[in-house]
Amino acid sequence: MALILRFFFDDYGLTSVGMRVFCLFMLLISGVVFFLFLLDEKAKQLPKNIFGIVFFMFMCLIVSSMLVNPYENISASGTPIQKANLKRCTAWKTVNLENIREIMTNCKDNDQEQKFKEGIESLGM
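Reference entry: report on the structure contained in this document. (Residues numbered from 1 in each chain as written. Predicted model: local features only at pLDDT ≥ 70, side-chain atom pairs only at ≥ 80, totals over all residues. Heavy atoms only, no water.)

It is worth spelling out the overall build of the chain at this point. When helices and strands are tallied, the chain shows seven helices and zero strands. Its helices and strands taken in sequence order, the chain reads α-α-α-α-α-α-α from the N to the C terminus. Considering the chain as a whole, with its 125 residues, one finds that 28% of them fall into the buried category. Considering only contacts in the chain between residues 6 or more positions apart, those separated by 24 or more positions represent 54%. Surface exposure of the chain reaches about 9000 Å², of which carbon and sulfur atoms provide 67%. (Helix = DSSP H or I, 4+ residues; strand = E, 2+ residues; numbered from the N terminus. Buried < 20%, exposed > 50% of the residue type's maximum accessible area, 1.4 Å probe, protein only. Contact = heavy atoms within 4.5 Å. Areas by Shrake-Rupley, 256 points an atom, 1.4 Å probe, with all protein chains shown as cover.)

Here you go:
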């Protein structure tokens, strides 16, 4: 779980760019395998179920990653920054599984806005 939280979720427990790139890469591979079977004569000699297996594995991975609620696991397996952000962002708030993603998204947006303002102030504007 620690690897999944580290590579597929950002510091706030939201889906990271790495997850999106990985899903796009897997979709691309599935498409290549599919068109390989359509166009290549040698590939037609291979078992027809290879595409199905690759596509099934891709769908299982995507569905399982969507079903993972990172906030249930951050306190035990998350990175130190994920744990710190979860504590900081949820302090003094009523938190449940339905609103945690919204709370963390708002916290990330507020942090980015604060960093932007600090950057402007440091430039003397």
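Right, let's get into the pattern of salt bridges. Using the criterion set out here, one finds three salt bridges in the structure. Put simply, D10 and K108 hold a salt bridge, and the shortest N to O gap is 2.7 Å. Here the residue D10 occupies a position in the loop between α1 (2–8) and α2 (17–39), and K108 occupies one in helix α7 (residues 100–122), the gap between them amounting to 98 residues. The exposure class assigned to D10 is buried, which follows from its relative accessible area of 15%. On the basis of relative accessibility, which here comes to 23%, the residue K108 falls in the partly exposed class. (Salt bridge = Lys/Arg side-chain N within 4 Å of Asp/Glu carboxyl O.)

Another point: helix α6 (residues 80–90). Those residues of α6 not exposed but buried are Q82, N85, L86, C89 and T90. Within α6, the buried residues cover an arc of 105° as seen down the axis, which keeps them to one side. In α6, the exposed positions that point more than 90 degrees away from the buried face belong to P80 and K87. Once α6 finishes, W92 follows within two positions and takes phi at roughly 65°, a positive value. (Arc of directions from axis to C-beta.)

Below, the discussion takes up the packing of helix α5 (residues 70–77) against α6. As a packed pair, α5 and α6 sit with axes 8 Å apart at the nearest point and diverge in direction by 120°. On the basis of the axis angle, α5 is oblique to α6. Once α5 is placed against α6, the crossing between them reads as left-handed. Of the residues in α6, those in contact with Y71, I74, S75 and A76 of α5 are Q82, K83 and L86. Its residues assigned to classes, the contact of α5 with α6 shows four nonpolar, two polar and one charged. (Axes fitted to C-alpha atoms, helices over the stretch in contact; angles between N-to-C directions. Parallel < 35°, antiparallel > 145°, perpendicular 65-115°, else oblique. Left-handed = near helix turned anticlockwise from the far one by under 90°. Nonpolar A, V, L, I, M, F, W, Y, C, P; charged D, E, K, R; others polar.)

Okay, a nonpolar patch on the surface next. Together, F34, F35, L38 and L39 make up an exposed nonpolar region whose accessible area comes to about 430 Å². Inspection of the secondary structure assignment puts F35 in helix α2. On the basis of relative accessible area, F35 is assigned to the partly exposed category, the value being 48%. (Patch = residues over 30% accessible without salt bridge, like charges linked within 9 Å, V, L, I, M, F, W, Y side chains within 5 Å.)

What follows deals with α5. Residues of α5 that are buried: P70, Y71 and I74. The buried residues of α5 occupy an angular sector of 85° when the element is viewed end-on, so they sit on one face. Across from the buried face of α5, at angles greater than 90 degrees, the exposed residues are S75 and A76. On its buried face, α5 is in contact with α1, α6 and α7.

A separate point is the side chain of D10. One polar contact links D10 to K108, side chain to side chain, over a distance of 2.7 Å. Not counting residues within four places of it along the chain, the set of residues in contact with D10 comprises S16, Q82 and K108. (Polar contact = N/O pair within 3.5 Å; in protein donor to acceptor, adjacent residues only side chain to side chain.)

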